[in-house]
Structure formats: C-alpha cells, structure tokens
Amino acid sequence: MRNNKFIVSKNVKDVIKPASINEKNGLRTKISADEAAFISLEIGEHILICGGEVSRVEDTVRRICTAYGAESVDVFAIMSFIILTAEFDGVSVTQSRRISGDRVNNFYRLEKLNNLSRTICCSCPVKREVIRNIDDIYKSTEQKAALHFTGFALTASGLTLFFGGTLVDSLCSGAIALFMCMLTRFFARPVLAVNRLIREVVVCFSGGVMAILFAKLGHGINSDKVIIGSLMNVVPGVSFTNSLRDLLGGDLMTGVFRLAEVLIDAVAIASGYALAILLLGSM
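Residues numbered from 1 in each chain as written. Predicted model: local features only at pLDDT ≥ 70, side-chain atom pairs only at ≥ 80, totals over all residues. Heavy atoms only, no water.

The subject of this paragraph is the overall build of the protein. Scanning the protein from terminus to terminus reveals 10 helices and six strands. Buried positions account for 43% of the 283 residues belonging to the protein. (Helix = DSSP H or I, 4+ residues; strand = E, 2+ residues; numbered from the N terminus. Buried < 20%, exposed > 50% of the residue type's maximum accessible area, 1.4 Å probe, protein only.)

Moving on, we get to the pairing of strand β5 (residues 81–88). Only one face of β5 is covered, namely the one carrying Ile82, Leu84, Ala86 and Phe88; the face carrying Phe81, Ile83, Thr85 and Glu87 has none of its residues buried. Summarising the sheet, strand β4 (residues 72–78) and β5 pair through seven bridges and their orientation is antiparallel. The residue bridging aspartate 74 from the neighbouring strand is threonine 85, located in β5. Between β4 and β5, which follow one another and run antiparallel, lie two residues. As paired strands, β5 and strand β6 (residues 91–98) are joined by eight bridges and run antiparallel to one another. Looking at β6, one finds that alanine 86 is bridged to valine 93. Between the end of β5 and the start of β6, which pair antiparallel, lie two residues, with aspartate 89 showing a positive phi angle near 50°. (Pairing = 2+ DSSP bridges.)

Once that is clear, we can look at a nonpolar patch on the surface. On the surface, a cluster of nonpolar side chains totalling about 430 Å² of accessible area is made up of Phe76, Ile83, Met253, Val256 and Phe257. Sorting elements by how many residues they give to the nonpolar patch places helix α10 (residues 252–280) first, with three residues. Tracing the backbone through its elements, the reader meets methionine 253 in helix α10. (Patch = residues over 30% accessible without salt bridge, like charges linked within 9 Å, V, L, I, M, F, W, Y side chains within 5 Å. Areas by Shrake-Rupley, 256 points an atom, 1.4 Å probe, with all protein chains shown as cover. Salt bridge = Lys/Arg side-chain N within 4 Å of Asp/Glu carboxyl O.)

In this section: the packing of helix α6 (residues 167–187) against helix α7 (residues 196–217). Relative orientation and spacing of two packed helices are given, respectively, by the angle between their axes and the distance between those axes. Running from amino to carboxyl end, α6 crosses α7 at an angle of 155°, the nearest separation of the two axes being 10 Å. It follows that α6 is roughly antiparallel to α7 by the angle criterion. Between α6 and α7 the crossing geometry is right-handed. Counted together, Cys172, Ile176, Phe179, Met180, Leu183, Thr184 and Phe187 of α6 and Arg199, Val202, Val203, Ser206, Gly207, Met210, Ala211 and Phe214 of α7 form the full contact between these two elements. (Axes fitted to C-alpha atoms, helices over the stretch in contact; angles between N-to-C directions. Parallel < 35°, antiparallel > 145°, perpendicular 65-115°, else oblique. Left-handed = near helix turned anticlockwise from the far one by under 90°. Contact = heavy atoms within 4.5 Å.)

Right, let's talk about the environment of arginine 245 for a bit. By the secondary structure assignment, arginine 245 is in helix α9 (residues 237–248). Once you skip the residues sitting within four places of it in the chain, arginine 245 turns out to touch Gly51, Gly52, Glu53 and Arg258.

This is the structure we're talking about:
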C-alpha cells in the first residue's frame, strides 16, 4: 500500500512471537511485531499527510506501539520521512516510511484518524482491519465536487467585496474561481502526475488572464480587485500557520521545511499572475 522498509535485528527473518495479546472486552488479538510497527507507521503517515503536527505523529506512533506491547519505542518524523525502532519481547524492529505525494490539509479527516488511533490503542485490531478502517475514512471524508466549487466561488466573491471591489467585480471573481477550481481538480488527478509548482503557475496564470480579459471587455471592472479575490483560494495561509506552529513547538527542522515550501508556493503563485500581466498588461 505504501513504500515500506523494515529491518529486523538479531538476524530474525520473521517475528512470529505475538507483540500483544489483548483481552479487553473479551477480545484476544495476536499481532506480530512487524505488523504492530506497520500499523503505527500507517496511522502516522496519514496523520502527517492530512496536516497533523509532527509531534502528534510521533506521539501517536509511540502510543500505538506501546499498546501492542512494545517495551521501548524510538520514533523520529519530519514532513517527508518517519523512522521507527521498537523493541518487542527483546526483539528490535526498525521500519521507515517515505512520505510522498501532495499533503492536503483536511482537518475533518485528521479528526477521524485521531479517533481511529485512540480506538487502536484500546482494542489492538489486526492489520487488515486497520487498513480497512483507513480506507473507509478516506471514502467517507472525500470532498464532493459541488462543495469544492462552491467554496472556491464564495471565497473569491466574498473577499473581492471585502477588498473594495464592486458587485460586478465579485461576480467576475467568482466565475474565475470556478474555472481555477476546475483546473486544480483536473491537474490533481493521479493519472496526470503534474508537478505541484507547475500546476500552481498554470492555474494562477489562467486566473490572471481571465481577470484582465474581463477588465478589457467589461466596463468598470477592476482587474486588481478581481485578481486579489481569485488568488485568495490558492494562498498557502494554513501551511504558513502550520510552519509557525512547528517552529514555536520546537520542531525546528519541520518548521523550516514547511516555511520553505510556503515561500516556494508563494513564488509560483506570483509568477503565474505576473506572467499574465506581462502578456496582456494591466487595467
């Protein structure tokens, strides 16, 4: 399911000794040490992808391993990598997880994953059950297209009015936001595998071109207000806040990585709109 590497010390190829035997609520579950480490990393990876704190990821992985019977747990996580070493009944197991792909801030999904991690600590389910629960969480929290388009349009229209635009500017900004949302969803499809920075430049360039064309073709439309409203959908405000949160929380490496990512995204966004202004001029 994910890129997963593990090393088992003491030249033990397969750990057949159960890492945990849970008898709560009449349940008796046997989990190997490798499976327990895999489950903890699986939950940690998805929490990190959905916008969770690095400290929360490390704490979750540590608690899950302890619930499955680990005697000692050492875990280190950054935005793109998690490594875990845990000792079960004298057998040391090391697994690592490379975090690839886009990270999307989805706090509703994050809440579900946190609840699942608490359930795992209480009931110690088997590996296939955990994977099934994660799949169910992703299916139940998948954002509907209509809601996505509505959010883009309302955000752009409302902020255009907030920054001094007219009602016509607001309507134009909402229409542009719908087009930008369509491009975002199109380029985000796994089959295309478009680089995120290129995707942001293309989306912002298209939004800038449409805003300037609306201003040229329509009377009294302020292209600057329309551009400001439409670009607010792609400004990485949450990511910037998360970077400061990590820095203040003591996770300096992760905070610096997040901040660098935000700055690169900001350059890509500005480049897209700047190219549109250079090509068509401003109004």
